Amino acid sequence: MSEEERERLKAKEQRKNPGGALNDAWAQAHTGAPSGSGCLALLIIAAIILLLETCSK
């Protein structure tokens, strides 16, 4: 399976399941898997953590 096909399938799945994007970002950040959107994944996780901290106060 080519990288382009994998990305296309991943995008299709994320449209069907928005929570899958968070799970994917979390898995990439946790395992240190390289990806084109690795930085974006870390920013998403940081934003969620900050949001949770803000709402819990």
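What counts and how
Residues numbered from 1 in each chain as written. Predicted model: local features only at pLDDT ≥ 70, side-chain atom pairs only at ≥ 80, totals over all residues. Heavy atoms only, no water. Salt bridge = Lys/Arg side-chain N within 4 Å of Asp/Glu carboxyl O. Helix = DSSP H or I, 4+ residues; strand = E, 2+ residues; numbered from the N terminus. Buried < 20%, exposed > 50% of the residue type's maximum accessible area, 1.4 Å probe, protein only. Patch = residues over 30% accessible without salt bridge, like charges linked within 9 Å, V, L, I, M, F, W, Y side chains within 5 Å. Areas by Shrake-Rupley, 256 points an atom, 1.4 Å probe, with all protein chains shown as cover.

## A short note on the pattern of salt bridges
Move 1: Inspection of the entire model under this criterion finds one salt bridge.
Move 2: For Glu3, the salt bridge identified is with Arg6, shortest N-O distance 2.9 Å. Within this pair, Glu3 and its partner Arg6 are both found in helix 1 (residues 3-16), separated by three residues, close to a single helical turn.
Move 3: By relative accessible area, which is 46% here, Glu3 ends up partly exposed.

## A word on a nonpolar patch on the surface
Move 1: Judged by side-chain polarity, Leu22, Leu40, Leu43, Ile44, Ile48 and Leu52 come together as a nonpolar surface patch covering roughly 530 Å² of accessible area.
Move 2: Top element by residues in the nonpolar patch is helix 3 (residues 38-56). It accounts for five residues.
Move 3: Among the structural elements, Leu52 can be located in helix 3.

Scope: geometric values only; no functional claims are made or implied.
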